[in-house]
Amino acid sequence: MVENNGQSQNNNTYHNGCCTHNGENIDKVLQTYEDFGDNHFLSSVNTPLRPDAFDLSDEEKIAKISEHFYEIMHIMGLDMTDDSLRGTPHRVAKMYIKEIYSGLNPDNKPQMRTFENKYQYNEMLIEKDITFYSTCEHHFVPIYGKAHVAYIPNENVVGLSKLNRMVQYCARRPQVQERLTVQIAEELKKALQTKDVAVIIEADHMCVASRGVQDVNSNTITTQYHGKFKNEKTREEFLKHIYNK
Ligand SMILES: [Zn+2]
């Protein structure tokens, strides 16, 4: 049994053990949260999605989320008849599904059409300072920063903007930075049909900056080196291009 703080008691009172979502008891889900407390942890490389994740259409999801977001705002005591707030639930719901969490849906995956490597270019190609915006899945506040990706082409090359698009696709999900880094590397390996891929992410986490320890100066760096990038010289060359301006 975990320690019961005021928050979990509130949760229990609120849900009263009666709510279920597709057979999952919400109290059980909330209890699991209490086991982990405020720590960030990584459960799996794949974003944990249920098999029925896309049974509802985008429009149905937007309608449902609007209702629930209205309820959240109402519970906090906001006057939902105020002109400034009236449109917020729908606006948030639409933003979730169509923009900031659109990367949950594989239908939105960018087409990574590759071209034959006609120039026989087989040195590393680096796309650096790719801006991305993501969301911490533990607090639902922004994670944002820069990604640097590189690969060494063999048979195939890809349009440069596709690298940016793949980073953004993986970022538009509730995330943890470690998983984001791994997912980008795995997608690029698959799309480019090479193991020689590297990814570095430097990010600020609003859950660290604006709440909790409130450290506005720290940022978090995660890396993935595959194939030839495991070789020290190759990795150094990559790092030199990114950090020696
Ligand atoms: Zn967080």
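Please clarify how the overall build of the protein chain should be interpreted in this entry.
A tally of helices and strands in the protein chain yields nine helices and nine strands. In the protein chain, which comprises 245 residues, the proportion classed as buried is 21%. Nonlocal contacts in the protein chain, meaning residues at least 24 apart in sequence, comprise 69% of its contacts between residues at least 6 apart.

Explanation requested: the pairing of strand β8 (residues 197–205) in the structure shown.
Sheet faces and side chains relate simply in a regular strand, where the side chains alternate between the two faces. Of all nine residues making up β8, seven are buried, and the element is well covered by its neighbours. As defined by bridge partners, strand β5 (residues 142–151) adjoins β8 across nine bridges and the pair is classed as antiparallel. Within the sheet, the bridge partner assigned to A150 lies in β8 and is A198. The pairing of β8 with strand β9 (residues 220–225) spans six bridges and is classified as antiparallel. When the sheet's bridge partners are listed, A198 is paired in β9 with Y225.

Can you walk me through the sheet that holds strand β7 (residues 174–175) in this structure?
Within a sheet, adjacent strands bond to each other through the backbone by hydrogen bonds, running parallel or antiparallel. Within the open sheet, the five strands sit side by side as β7-β4-β5-β8-β9. Their pairing is mixed. Unpaired on one side and paired on the other, β7 and β9 mark the two borders of the sheet. Lying over the sheet, helix α7 (residues 177–192) contacts β4 (125–136), β5, β7, β8 and β9, oriented at roughly 150° with respect to β8.

Where do I start with α7 in this structure?
Because each turn of an α-helix spans 3.6 residues, side chains separated by three or four positions in sequence point in the same direction. Compared with the 22 Å implied by 1.5 Å per residue over 16 residues, the 22 Å span of α7 between its first and last C-alpha is a close match. The complete set of buried residues in α7 reads Q177, R179, L180, T181, Q183, I184, A185, L188, A191 and L192. One or two positions beyond α7, positive phi appears at Q193, with a value near 50°.

Help me out: how do you make sense of the packing of helix α6 (residues 160–171) against α7 in this one?
Relative orientation and spacing of two packed helices are given, respectively, by the angle between their axes and the distance between those axes. With their axes 9 Å apart at the nearest point, α6 and α7 run at an angle of 135° to one another. On the basis of their axis angle, the class for α6 and α7 is oblique. Between α6 and α7 lies a crossing whose hand is right-handed. Along its contact with α6, which presents M166, V167, C170 and A171, the element α7 presents L180, Q183, I184, E187 and L188.

I would appreciate a short explanation of the packing of helix α3 (residues 58–75) against helix α5 (residues 88–100) in the present structure.
Look at α3 against α5: their axes get within 8 Å of each other, and the N-to-C directions meet at 135°. In terms of orientation, α3 and α5 fall into the oblique class. You can see that α3 and α5 cross each other, and the crossing is right-handed. Where α3 abuts α5, its residues D58, K61, I62, I65, S66, F69, Y70 and M73 lie against T88, P89, H90, V92, A93, K94, Y96, I97 and K98. Within the contact of α3 with α5, the residues separate by chemical class into 10 nonpolar, three polar and four charged.

I'm lost on the confidence of the model for the protein chain in this one. Help?
Note: predicted coordinates in regions of low pLDDT should not be interpreted at a detailed level. Looking at the protein chain, the pLDDT average stands at 86 and 82% of residues meet or exceed 70. Taken as a whole, residues 1–23 scores under 50 in pLDDT and shows 16 contacts with residues more than four places along the chain or in a different chain.

When you look at the environment of E71 in this model, what are you seeing that I'm missing?
Among the secondary structure elements, E71 is positioned in helix α3. The exposure class assigned to E71 is exposed, which follows from the 12 C-beta atoms found within 10 Å. Counting along the chain gives 18 residues from E71 to P89, while the straight-line C-alpha distance between them is 8.8 Å.

Looking at this model, I keep getting lost on the nonpolar core. Mind explaining?
Generally speaking, nonpolar side chains in soluble globular proteins are found buried as a group. By size, the foremost hydrophobic cluster in this structure holds 28 residues, and its most contacted members are A147, V149, V167, I184, L188 and V199. When residues no more than four places from it in sequence are discounted, the contact partners of V167 are I130, F132, A147, V149 and I184.

Any chance you could explain the environment of T135 here in plain terms?
Looking at where T135 falls in the secondary structure, it is placed in strand β4. Through-space distance from the C-alpha of T135 to that of V176 is 7.9 Å; in sequence the pair is 41 residues apart. Excluding anything up to four places from it in sequence, T135 contacts I100, F140, P142, I143, P174 and Q175.

About the criteria used
Residues numbered from 1 in each chain as written. Predicted model: local features only at pLDDT ≥ 70, side-chain atom pairs only at ≥ 80, totals over all residues. Helix = DSSP H or I, 4+ residues; strand = E, 2+ residues; numbered from the N terminus. Buried ≥ 20, exposed ≤ 12 C-beta atoms within 10 Å, placed from the backbone. Contact = placed C-beta atoms within 7 Å. Pairing = 2+ DSSP bridges. Axes fitted to C-alpha atoms, helices over the stretch in contact; angles between N-to-C directions. Expected span 1.5 Å × (residues − 1). Parallel < 35°, antiparallel > 145°, perpendicular 65-115°, else oblique. Left-handed = near helix turned anticlockwise from the far one by under 90°. Nonpolar A, V, L, I, M, F, W, Y, C, P; charged D, E, K, R; others polar. pLDDT = per-residue confidence, 0-100. Core = buried A, V, L, I, M, F, W, Y, C linked by C-beta atoms within 7 Å.

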